[in-house]
Each structure stands twice: as C-alpha cells, then as structure tokens.
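Structure at a glance
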Amino acid sequence: MKPRVRTEKQAVDAADLRHESGTHAARQLGYETIALVLQGGGALGAYQAGVFEGLHEAQIPLSWIAGISIGALNTALIAGNPPERRVERLREFWERICRPALFPGLPAALEFALFNSTDQVRTFFTASQAASAVMQGQHGFFAPRFPPPLHGVSDHPEKVSWYDTSALRKTLLELCDFDRINEGETRVSVGAVNVATGNFVYFDNTCIHLTPEHFIASGALPPAFPPVEIDGEYYWDGGVVSNTPLMEVLRAQPSRDTLAFQVDLWSACGPLPRTMADVTERTKDVQYSSRTRFVTNTLHREQRYRNLLRNVLEQVPEAQRKTNPWCLEAEALSSDKRYNIQHLIYKQKAYEHYYKDYQFGLSTMREHWSVGLADIRRTLAVKDGLALPNNEAGFVTHDIHRKK
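In this report, we go over the structure that sits alongside the text. (Residues numbered from 1 in each chain as written. Predicted model: local features only at pLDDT ≥ 70, side-chain atom pairs only at ≥ 80, totals over all residues. Heavy atoms only, no water.)

Details of the overall build of the chain
Along the backbone of the chain there are 15 helices and 11 strands. Its C-alpha atoms give the chain a radius of gyration of 22 Å, within 12% of the compact-globule value 22 Å for 404 residues. In terms of overall dimensions, the chain has C-alpha extents of about 75 × 50 × 40 Å along its principal axes. Sequence separation of at least 24 residues holds for 76% of the intrachain contacts in the chain that already meet a minimum separation of 6. For the chain, the accessible surface area stands at approximately 19,400 Å², while carbon and sulfur atoms represent 56% of it. Each charge class in the chain was averaged separately, 44 positive and 46 negative side chains, and the resulting centres sit 4 Å apart. (Helix = DSSP H or I, 4+ residues; strand = E, 2+ residues; numbered from the N terminus. Rg over C-alpha atoms; globule rule 2.2 N^0.38 Å. Contact = heavy atoms within 4.5 Å. Areas by Shrake-Rupley, 256 points an atom, 1.4 Å probe, with all protein chains shown as cover. Lys, Arg positive; Asp, Glu negative; His and termini not counted. Charge placed at Lys NZ, Arg CZ, Asp CG, Glu CD.)

And the structure:
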C-alpha cells in the first residue's frame, strides 16, 4: 500500500492534537514530552513489554513511542490499542509468537518444570527453544521457506531470505488498530534501512500514514527475514545501521522538556569472551547496543552548550540580540529545555547464550517480562528520579544497574 503523505498543515494539526491530549497528565510531571524508546532484540523484547506494564501500572502518560525491530512491533501493539487494552494485547502477541510455528510445543506444565529446574537443565532446555525457532519458526511470526533459497540463484527480493514473515502481517492486523495509530493521539516513529541507498529512515505518523508494512520493515533483519516493499522501495531492519531511536527523540524540533524511558535489550558492558560461542554473543551485544551511553553523553554535552549559550545571550542588550545576525543565529541554536533519560537495560541471565535473541518460548518470555516489570518498578521508586533536571546542562540520566 502506498503511504499517504500528509500536508504540512495536517502534520502540524496532528502534532497539536497529540500534544494537547497528553499535556495535562504530562505537566503533572513537568514535561512537555514523555517518550518510550524501544531497542531491537528479538525474543528479548518481552522485557520491553514488562517495562510498559509497569509504566501503565504507574499511569505514566506517553506522548511518543519510538522503536526499532522488535521494539517497533511492541510500539504497534501499544499505540494501536486503547490504554486499557494495551497490556492485554502485548501479552496476547507474546503468548502467540512464543509458540512453535509447525508442531505443538511441550505441555505448559512440563515446559515450566524444565525451565525452573537446575541451571544445567535450564541451559539445555533454552538451547532447544532456540533450535526449534531455527528449524520451524514461531507461530504468527515467521516460518522457514521450503525449499530454502539457494546461494547464487536469483529470485524476487521478497523471497531472498531464510524465513517467510507473511504471518506477522496477519498478526498485526488482528491485534493492532492502525486507524488509532494514525489518528496521532500518540506520536509513533519506527526506524528502517533503505536497501538500495543504505540510508536510515524513520517512518513517523506525523508525516505519513503507517501500515503494517512499516513496522514489519523495521524488523526485517537479513538474511533471516526478507526486505519489505513500501512505495517502490525495499527496507530492512533499522538495527542494521542503528538499533536505538533515542537520538531521533532527543533532537526533535521544536525542542521540548522531555522525559524518555530508553529500554535496551543489549548491554554494551560484558565479560571478555573465553570461547568462540562467547565471541559470537559478545559481538551481538556490542553491535546492537548501539552505544546508547555514548549517545546520551554526546547529547548531554550538546545540551550543556545550548544552555550556556542561552545564559550568555541574556548578558547581551536586548536591542542587539534582536538585530545582530550572530545573536539571532545564537538564539536559534540555544536552548533552555531539560531532558531526563531513564535508562533500562536487560541484564543477561546465566542460562542465556549467543542465541538469546531467537530463544523464543513461553517460559523464557515470561521470565523476560517479569524482569522488565521489576526493573521499571525499581526505577520509578527512586526518589525524585523523574524530576526535571536542575543541573547546569539541564540533562540527566538514571540507570538502576549503573555502578556508582
């Protein structure tokens, strides 16, 4: 389906409606924008669902949700449902895709008994979950191609992948209301990569009409999943270039006082690899963590300079500030807005290894979900953790796992 491009006036009107709808609740916390930022990470994405449940439980209003890959799919489920049904729909989605695509899984009682057994049994069992995902796919998500594509044999771009994701479109259409997504009550942004140009793009409901294809494209990680065609162009998973949309949220114009919950599924910090399997795992961690703390440190410095520029301009006579071209440019660059980043990072469990992003299974999923819920509850319990920053930069980051 060809995306419907909005006029500038329509985009502004939608932004105004969205802003007004969350203004009262957001201002109780002192922010103009409250954002949920969701990284990619496959099966680990259930952690994000747990984080969202905690935000919903605490009645934290969200005016913007941005995601990449599995984060984009969670975004669709949240924004595509009324507030009272969002947790329910997320749970329905994860319960569905954590079942094998072709053959029935183990009885629930036996699965949870194995998962909650010894560390050795749990490690073996979760490895078998990952092997099952590779061999038969996941229900309502992806299934292996038969016959599989052959190296060197040309075919249609949408068939050049190990798995078929057509089932995912049906799942999203069943569980998400795309009219609601496009009404603009909540701003929605999902990232993808143009296969032909290599350019990273954001599909945003303030600019275009979003369809299931935009969200599926954001999660089309090659070579497992095929590129998705949108308006004559093909797109891959945004994580190929950048696995977090945090920069997009914090550099948005016009600037606004922003509270952002950044939910990462990969930790940049980790142990030195001792085996080849460890090397594979550590490579994924580093590649897909997208240097979130580097991004926040960079933006912290930028905001400090903008704040400094604002204070310097206040020392310049008003008449000169309004006429001097350098002052006018400095005025445009300066900012006194404030940013609070609540950083939540999934911490790997001992039984998880390099296959953790495709280690689907009900038992594993529920463990990820419960950890996300526990982490956001701890985060929200920090005294004054959500307060507007009052330091010279107007920028703070909080992470309950960070070593002091």
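Having seen the model, we can carry on.
Some words on the pairing of strand S6 (residues 200–204)
Bridging between strand S5 (residues 187–194) and S6 involves five bridges; their strand directions are antiparallel. Residue valine 190 lies in a different strand from S6, and its bridge partner there is phenylalanine 203. Counted between consecutive antiparallel strands, the loop separating S5 from S6 contains five residues, among which glycine 198 sits at a positive phi close to 75 degrees. (Pairing = 2+ DSSP bridges.)

Description of the nonpolar core
By size, the foremost hydrophobic cluster in this structure holds 68 residues, and its most contacted members are Leu36, Trp94, Phe215, Phe261 and Phe360. Contacts of tryptophan 94, omitting those with residues within four sequence positions, involve Gly42, Ala43, Gly45, Ala46, Ala49, Ile70, Asn74, Phe360, Met365 and Trp369. Ala66, Leu246, Leu299 and Ile341 belong to the second-largest nonpolar core, a separate cluster that totals 15 residues. (Core = buried A, V, L, I, M, F, W, Y, C linked by side-chain atoms within 4.5 Å. Buried < 20%, exposed > 50% of the residue type's maximum accessible area, 1.4 Å probe, protein only.)

Describing the side chain of aspartate 375
For aspartate 375, the location among the structural elements is in helix H15 (residues 362–381). For the buried aspartate 375, no salt bridge exists, and the shortest N-O distance to an oppositely charged side chain is 4.4 Å, to arginine 378. (Salt bridge = Lys/Arg side-chain N within 4 Å of Asp/Glu carboxyl O.)

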